[in-house]
Amino acid sequence: VQLQVSGGGTVQTGGSLTLSCVVSGGIGRFDVMAWHRQAPGKEREMVATISSGGGTDYAEFVKGRFTISKDTGKKTCELQMIDLQPDDTAVYYCKYSRDAGSAYRNYWGQGTQVTVSS
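These remarks concern the structure in this document. One numbering rule holds for all chains: residues counted from 1, following each sequence as written. Where totals are concerned, whole chains, interfaces and linings use all residues; where local detail is concerned, this predicted model gives features only for residues with pLDDT of at least 70, and gives and counts side-chain atom pairs only at 80 or more. Note that water and hydrogens are dropped before the side-chain values are worked out from all heavy atoms of the structure.

1. Notes on the overall build of the protein chain
The helix and strand tally for the protein chain stands at zero helices and 11 strands. Helix and strand assignments come from DSSP, with helices taken as H or I runs of at least 4 residues and strands as E runs of at least 2, each series counted from the N terminus. Secondary structure of the protein chain in N-to-C order comes out as β-β-β-β-β-β-β-β-β-β-β. Taking 13 Å as the expected radius of gyration for a compact globule of 118 residues, we find that the protein chain reaches 14 Å, a close match to that expectation. Over its C-alpha atoms, taken along the principal directions, the protein chain stretches across nearly 45 × 25 × 25 Å. Buried positions account for 38% of the 118 residues belonging to the protein chain. Contact between two residues is taken to exist if any of their heavy atoms lie within 4.5 Å; hydrogens are not considered. For the protein chain, restricting intrachain contacts to residue pairs at least 6 apart in sequence, the fraction spanning at least 24 positions comes to 53%. Working convention for charge: Lys and Arg count positive, Asp and Glu count negative, and His plus the chain ends are omitted. To locate a charge, take atom NZ for lysine, CZ for arginine, CG for aspartate or CD for glutamate. Distance between charge centres in the protein chain, computed from 12 positive and 11 negative side chains, equals 7 Å. Note on method: radius of gyration uses C-alpha positions; expected globular size equals 2.2 Å times residues raised to 0.38. Whether a residue is buried, partly exposed or exposed follows from its accessible area with a 1.4 Å probe, protein chains only, as a fraction of its type maximum: under 20%, in between, or over 50%, in that order.

Okay, here's the thing in structure tokens:
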């Protein structure tokens, strides 16, 4: 399984970006997708998840600004980000959790840098 991530870049405060993650083997019926991020000097943290059934969960600091979605036909998970703030500056990672029966097996995409200038 390979995850191809794209869409990072530099924007000004208040700007928008959309990150995309393509899963080479497709997104299975019981699989979970998520976005995490890691800022310099900080631990990696969860940003948003989308369950197999389409339910979503967001970190408090992005609620109302970020939207996670998936398109199983296109094997893609996206993170739409609006009203970006300097604190959103981080490397963003796509995480794919494949249902392996009794547990999930996790795969990570390469990070993509998001920089928000003030």
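2. Remarks on the sheet that holds strand β8 (residues 76-81)
Within the open sheet, the four strands sit side by side as β1-β3-β8-β7. Their pairing is antiparallel. Each edge of the sheet is formed by a strand with only one pairing partner; in this case those strands are β1 (3-6) and β7 (66-71). Strand-to-strand twist of the sheet, defined as the mean angle between neighbouring strand axes without regard to direction, takes the value 15°. Note: two strands are recorded as paired if DSSP finds a minimum of 2 bridges between them. Two elements, strand β3 (residues 17-23) and β8, share six bridges in a ladder whose sense is antiparallel. By the bridge assignment for β8, L17 is matched with M81. Geometry is summarised by axes, namely lines fitted to C-alpha atoms with helices restricted to the contacting stretch, and by angles between N-to-C directions that run from 0 to 180 degrees.

3. Some details on the pattern of salt bridges
Whenever a carboxyl oxygen of Asp or Glu lies within 4 Å of a side-chain nitrogen of Lys or Arg, that contact is scored as a salt bridge. In total, this model carries four salt bridges according to the counting rule given. K63 is the partner of E60 in a salt bridge, and the nearest nitrogen-oxygen pair spans 3.3 Å. The exposure class assigned to E60 is exposed, which follows from its relative accessible area of 62%. With its nearest N and O atoms 2.7 Å apart, the salt bridge here joins D88 to R65. Here the residue D88 occupies a position in the loop between β8 and β9 (90-99), and R65 occupies one in the loop between β6 (56-58) and β7, the gap between them amounting to 23 residues. By the burial criterion, D88 is buried, and R65 matches it. Here the salt bridges do not stand alone but share partners, grouping R37, E45, R65 and D88 into one network.

4. Quick word on the packing of aromatic side chains
Only centres within 6.5 Å qualify two rings of Phe, Tyr or Trp (six-membered ring in Trp) as a pair; their planes then separate them into stacked at under 30 degrees, edge-to-face at over 60, and tilted for everything else. One pass over the structure, following the stated rule, counts two aromatic pairs. On the numbers, 6.5 Å between centres and 85° between planes, the contact of Y93 with W108 is edge-to-face. Of this pair, Y93 sits in strand β9 while W108 sits in strand β10 (residues 104-108); the two residues are 15 residues apart in sequence, bridging distant segments of the chain. On the basis of relative accessibility, which here comes to 37%, the residue W108 falls in the partly exposed class. By the criterion adopted, a ring carries a charge over it if an Arg CZ or a Lys NZ lies within 6 Å of its centre and within 35 degrees of its normal. A cation over an aromatic ring shows up here: R44 above the ring of Y93, its NZ or CZ 3.7 Å from the ring centre. The side chain of R44 reaches across the aromatic face of W108, ending 4.7 Å from its centre.

Function cannot be read off these values alone, since they describe shape.
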